[in-house]
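Chain by chain, the residues run as shown.
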Protein chains: 2
Amino acid sequence: MRPPVELLDFLKREDLYLIATHRSPDGDAIGSAVALALILDALGKQAAVFCQDAVPEQYRFLPESSRVHTPDTIAAAGIVLEECGNLVLVDCNDLHRVTRDEDLQRRFGYRNAVVIDHHATPAPFGTLRWIEPEAAATGMMILAIADALGMRLTPAAAMNLYAAIVVDTGNFRFENTSADVLYAAARLAEAGANPTLVCREFYESWSASRLALFGRFLGTLDMRGAVAVAVVTRQMLDETGTVPDDTETFVEFLKINRDADVAMLIRELEPDHYKISLRAKGTVDVAAIARQFGGGGHRNAAGCEVRGTLDSVRQRVLAQITK
Amino acid sequence: MRPPVELLDFLKREDLYLIATHRSPDGDAIGSAVALALILDALGKQAAVFCQDAVPEQYRFLPESSRVHTPDTIAAAGIVLEECGNLVLVDCNDLHRVTRDEDLQRRFGYRNAVVIDHHATPAPFGTLRWIEPEAAATGMMILAIADALGMRLTPAAAMNLYAAIVVDTGNFRFENTSADVLYAAARLAEAGANPTLVCREFYESWSASRLALFGRFLGTLDMRGAVAVAVVTRQMLDETGTVPDDTETFVEFLKINRDADVAMLIRELEPDHYKISLRAKGTVDVAAIARQFGGGGHRNAAGCEVRGTLDSVRQRVLAQITK
């Protein structure tokens, strides 16, 4: 995997960047955006990072994650959206994935728009687009940029990219875990990433309330044929004192049952409005299912939002899976 | 890490081997023993594999795992313990770890006894001992032997070694996950190991009854200061129709709580006789605690057996941890 020459030339030539990633950021979004900012720093450029939503708690241990600014903090950081120079979308490929707020979208005043992403969803946004659906994580693409520029990663950049890869490969469990991914992880560990620290922060830092929510969530587990279905309602969040971010990785757990080909987490966003997270073990293409409901993702990990009662939402998605 | 020249010379020189690993075998035991047998095959040698206990269900997908013979099957396989040629202990360093049956111990008729292990526990057994406490897994040592012999691994051997490393690093989560471990994993994936398949078999092949046991187990979770304690009784196994092997990795889950420095699983072996599994996140040396009860292990993962009532066993181990 090699970045396009135009992208490398662009990064060498331009001086002012605003790196933006998608709302509800995950580890690949945060890690890739921050690592790219650190690489641009090292090239002597000026780079700021923008995200609609604040860095989720489990990613705040990442070095330099405080560089990620939200609409609330960006002005105080001296960053003027209207004059952001070059906009670089990372881990997403359209401004709508950055923010749904159309007023905010219009405020981005950029000379050029670049896209660096591994999501295949087609969108026309950007003048310079590098999209690699085969990349296990956008973090792999950022590493390839550093390599192509002949740069040695700092430990902080290595840590962010390691975290990006861990999140998008399920810590080397998903189908996208190739020898290349493991070589990249090895090189990042050599450059100063700490695998144990990353895993501890991601997988061993649950609060007691999150554990309580997990117990409630497990209690809803229901096998519908080869689909393991579980639900998290707003009431469950309220009663356990948890927030939506606390449900991250819950859906992965549903795959633990040997009889489950597909895992489905239904999370209530508001009354009659649900977020569906889908995971597949191999044969079912859950991205295709998510797309039918206006969502998207990867073959083995996808999501969408569906409106209706819990029962009807569950039934409609199940019907698509078993079709 | 380089194997001793004497060991390499020995493997080149001798022709007949019995590879034996420890009772209650884990993935490092099975994977290392089978991979070594495959390496010796490729050298044109004759190698059999012995284990007191049958290969646990979750390791039976490993290629060539049917080569592991128990006392019940070994005679039918045409292997004569009394004339086993050269005995090679793998992932253990004493015949007592292979079997407690002293009659069986006496039956091993070997010309030379070799030890290849990463457990530091000192034992005088063997004429040629290679012990590397710094190795993350015995599988890393077997890979080093193949490298030193200039051998290309078969996909089957790569798969076994990958599984060995995954089990002993908690799929690259434990403190022993170094850049070297990740480079080894990358090379093994390149040689034909399938990371996703290994993880699916280890972590996503639970039976419904095992999930039911897990729910019961979670229900016993109790924080005693910074120690997360949970219990599996024989009654819980009986009522859910599960076996002791089904509790594997349960103790890892106890580390999920951010307030837990130590995880302790107490599993009833028989009335007033418990197996204690200990895991630490960093500061506490649980091997030192296990040794006080006649057990052993690694700094972050150790075990022992303690006799007494459940309450007294729990109290005595907790007292050592918090001392």
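Attention here is on the structure that accompanies the text. Owing to the predicted nature of the structure, the values given are computational and were not obtained by experimental measurement. (Residues numbered from 1 in each chain as written. Chains lettered and ligands numbered in written order. Predicted model: local features only at pLDDT ≥ 70, side-chain atom pairs only at ≥ 80, totals over all residues.)

1. Points about the overall build of chain A
For the record, the criterion: Counting from the N terminus, the helices are the DSSP runs of H or I reaching at least four residues and the strands are the DSSP runs of E reaching at least two. With C-alpha atoms as the basis for the radius of gyration, the globule rule is written as 2.2 Å multiplied by the number of residues raised to the power 0.38. With C-beta atoms placed from the backbone, a residue is labelled by how many other C-beta atoms lie within 10 Å of its own: buried for 20 or more, exposed for 12 or fewer, partly exposed between the two.
The number of helices and strands found in chain A is 13 helices and 12 strands. Relative to the compact-globule value of 20 Å for 323 residues, chain A shows a C-alpha radius of gyration of 20 Å, a close match. With the C-alpha coordinates aligned to their principal axes, the bounding extent of chain A is approximately 55 × 45 × 40 Å. Within the span of chain A, comprising 323 residues, buried residues form 49% of the whole.

2. Some details on helix α5 (residues 138-148) of chain A
All names here are of chain A. What counts, and what does not: For every residue pair, C-beta atoms are placed from the backbone, and the pair is scored as a contact if these atoms sit within 7 Å.
Most of α5 is tucked away, with eight of its 11 residues classed as buried. Among all positions in α5, only T138, G139, M140, M141, I142, L143, I145 and A146 are buried. Looking at the buried residues of α5, the elements they touch are α2 (27-42), β4 (85-90), β5 (110-117), β6 (128-131), α6 (155-169) and α7 (179-190). Positive phi shows up at G150, right after α5, with a value of about 70 degrees.

3. Re the relation of the copies chain B and chain A
This is how the line gets drawn: Only residues with pLDDT of at least 70 in both copies contribute their C-alpha atoms to the least-squares superposition of the copies.
When chain B is fitted to chain A, the best match, at an RMSD of 0.0 Å, comes from turning it 180 degrees and sliding it 0.0 Å along the axis. Interpreted geometrically, this transformation is the action of a two-fold axis. Interface overlap between copies is the fraction of interface residues in one copy that are interface residues in the other; for chain B against chain A it reaches 100%, indicating a shared surface.

4. Quick notes on the interface of chain B and chain A
Keep this limit in mind: When residues are sorted by character, Ala, Val, Leu, Ile, Met, Phe, Trp, Tyr, Cys and Pro go into the nonpolar class, Asp, Glu, Lys and Arg into the charged class, and all the rest, Gly among them, into the polar class.
At the junction of the two partners, chain B supplies 32 residues and chain A supplies 32 residues. Those elements that place two or more of their residues in the side of chain B that touches chain A are α7 (179-190), α8 (195-203) and α9 (208-219) of chain B. Considering only residue class, the side of chain B that touches chain A consists of 16 nonpolar, eight polar and eight charged.

5. Concerning the sheet that holds strand β10 (residues 273-280) of chain A
Residue and element names in this part refer to chain A. For clarity, the threshold we go by: For two strands to count as paired, DSSP must find a minimum of two bridges between them. Axes here refer to lines fitted to C-alpha atoms; in helices the fit is confined to the stretch in contact. Angles between the N-to-C directions go from 0 to 180 degrees.
With mixed pairing, six strands are arranged side by side in an open sheet as β7-β8-β9-β10-β12-β11. Sheet topology places β7 (222-224) and β11 (296-297) at the edges, where each strand pairs with a single neighbour. Two elements, β7 and strand β8 (residues 227-232), share three bridges in a ladder whose sense is antiparallel. The residue bridging D222 from the neighbouring strand is V229, located in β8. Helix-sheet contacts for helix α13 (residues 310-322) involve β7, β8, β9 (262-270), β10 and β12 (301-307), and the interaxial angle to β9 is about 150 degrees.

6. Examining the nonpolar core
As a rule of thumb, nonpolar side chains are buried together in soluble globular proteins. Stated precisely, the cut-off is as follows: A set of buried residues drawn from Ala, Val, Leu, Ile, Met, Phe, Trp, Tyr and Cys, joined through C-beta atoms within 7 Å, is what defines a nonpolar core.
Grouped together as the largest cluster of nonpolar side chains are 142 residues, with contacts concentrated most on I19(A), Y162(A), I165(A), I19(B), Y162(B) and I165(B). When sequence neighbours within four positions are dropped, the list of residues in contact with I165(B) reads A136(B), A137(B), G139(B), M140(B), V181(B), A184(B) and A185(B).

7. With respect to unusual backbone geometry
Residues and elements named next belong to chain B. Even without glycine at this site, F172 takes up a positive phi of about 70 degrees. As for its position among the elements, F172 is in the loop between α6 (155-169) and α7. Positive phi values are uncommon outside glycine, yet T249 reaches one of about 75 degrees. Here T249 shows up in the loop between α10 (234-240) and α11 (250-253).

8. So, the environment of V80(A)
All names here are of chain A. Note that V80 resides in the loop between β3 (68-69) and β4. Classification of V80 by C-beta neighbours within 10 Å gives partly exposed; the count is 13. Residues V80 and F108, spaced 28 residues apart in sequence, show a C-alpha to C-alpha distance of 8.8 Å.

9. With respect to helix α2 (residues 27-42) of chain B
Our working definition: Multiply 1.5 Å by the residue count of a helix minus one, and that product is the helix's expected span.
With 16 residues, α2(B) should cover 22 Å at 1.5 Å per step; its first-to-last C-alpha distance of 22 Å lies within 8% of that length. Two residues or fewer past α2(B), G44(B) is found with a positive phi of approximately 85 degrees.

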